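Structural features, examined
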Amino acid sequence: MNWFTRFIFANWNYLMGGLVLLMVFICGVQIGESRIQREWNAEKLRVALVVAKQEQRVADVQQSQSQINREISNEYAKNSRLLGSRLPGIRPVGVCSSTPISAGSVPTVSEAPAGAASISADALSFTAGDVGAVSCDQLSKDAAQTTLMLIELQRWYQKQSAIEP
């Protein structure tokens, strides 16, 4: 026999112990790797579940907002039509009152006060075509429409803010 074979026979216990130790180490690595892989898969599953819940929540909120927008829009259109049918007969009292003002009821001013500045050229002054272009009826319609828009905007905001973030 050669020296290698004698060495193996002489140190057989040590070699087998080392081989067993190597096998135990490899098995430990495999077991540890499988545990880490299971934990990693569980973590990925938890993250995927959280993402799915968030996506579902976003979809629910978007659907709620869309429904609120449709409801407010439909109600605004209905109220606007109703308001349009009521306005022709309504005549506001006050600013656009059709009561004529007599010349005797307005005091005359003989001259401009000393402290008043002279009238300067206004870049935004009315042209001849602009004067009287807006009637009292149009003003009342615009005011009613603006009020309706404001009310619907307030309702929309209240409903939108009621949705949990």
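Remember, it's a predicted structure, so these values are computed and weren't measured experimentally.

A tally of regular secondary structure across the chain gives three helices and zero strands. The burial tally for the chain puts 8% of its 165 residues in the buried class. Sequence separation of at least 24 residues holds for 93% of the intrachain contacts in the chain that already meet a minimum separation of 6. Accessible area of the chain: about 14,300 Å², with a carbon and sulfur share of 63%.

Close approach of charged atoms lets side chains of opposite charge pair. Here the structure, examined in full by the defined rule, presents four salt bridges. As a salt-bridge pair, E75 and R155 come within 3.1 Å of each other at their nearest N and O atoms. Here E75, found in helix α2 (residues 12–86), pairs with R155, found in helix α3 (residues 136–162); they are 80 residues apart in sequence, far enough to count as distant. Classification of R155 by relative accessible area gives partly exposed; the value is 23%. Three or more residues joined by partner-sharing salt bridges are found here, namely E75, E152 and R155.

This part is about a nonpolar patch on the surface. Side chains of W12, M16, L19, L22, M23, F25, I26 and V29 sit close together on the surface and give an oily, nonpolar patch of about 780 Å² of accessible area. Structurally, I26 can be placed in helix α2. On the basis of relative accessible area, I26 is assigned to the partly exposed category, the value being 43%.

What follows concerns the confidence of the model for the chain. Overall, the prediction assigns the chain a mean pLDDT of 78, with 70% of residues at 70 or greater. At the low end of the mean pLDDT range in the chain sits helix α1 (residues 3–10), at 79; at the high end sits α2, at 91. Ignoring residues within four places in sequence, the model shows residues 91–95, a span with pLDDT below 50, making five contacts including any to other chains. Counting interchain partners and residues more than four positions distant, the pLDDT-below-50 stretch residues 97–106 has two contacts.

Basis of the calculations
Just so you know, the residues in each chain are numbered from 1, in the order the chain's sequence is written. Where local features are concerned, this predicted model is filtered to residues with pLDDT of at least 70; where side-chain atom pairs are given and counted, the filter is 80 or more; whole-chain, interface and lining totals use all residues. Side-chain figures throughout are based on the complete set of non-hydrogen atoms in the structure, without hydrogens or water. In DSSP terms, a helix is any run of H or I states spanning at least four residues, a strand is any run of E spanning at least two, and both are numbered starting from the N terminus. Classification of residues uses two cut-offs on accessible area relative to the type maximum, computed with a 1.4 Å probe and protein chains only: under 20% is buried, over 50% is exposed, and between them is partly exposed. We call two residues in contact when some of their heavy atoms are within 4.5 Å. Using the Shrake-Rupley algorithm and a 1.4 Å probe, accessible areas are obtained, with residue cover drawn only from the displayed protein chains. Here, a salt bridge means any Lys or Arg side-chain nitrogen found within 4 Å of an Asp or Glu carboxyl oxygen. Each patch is built from residues lacking any salt bridge and having more than 30% relative accessible area; the joining distance is 9 Å for like charges and 5 Å for nonpolar side chains (Val, Leu, Ile, Met, Phe, Trp, Tyr). By definition, pLDDT measures how confident the predictor is in each residue, and it falls between 0 and 100.

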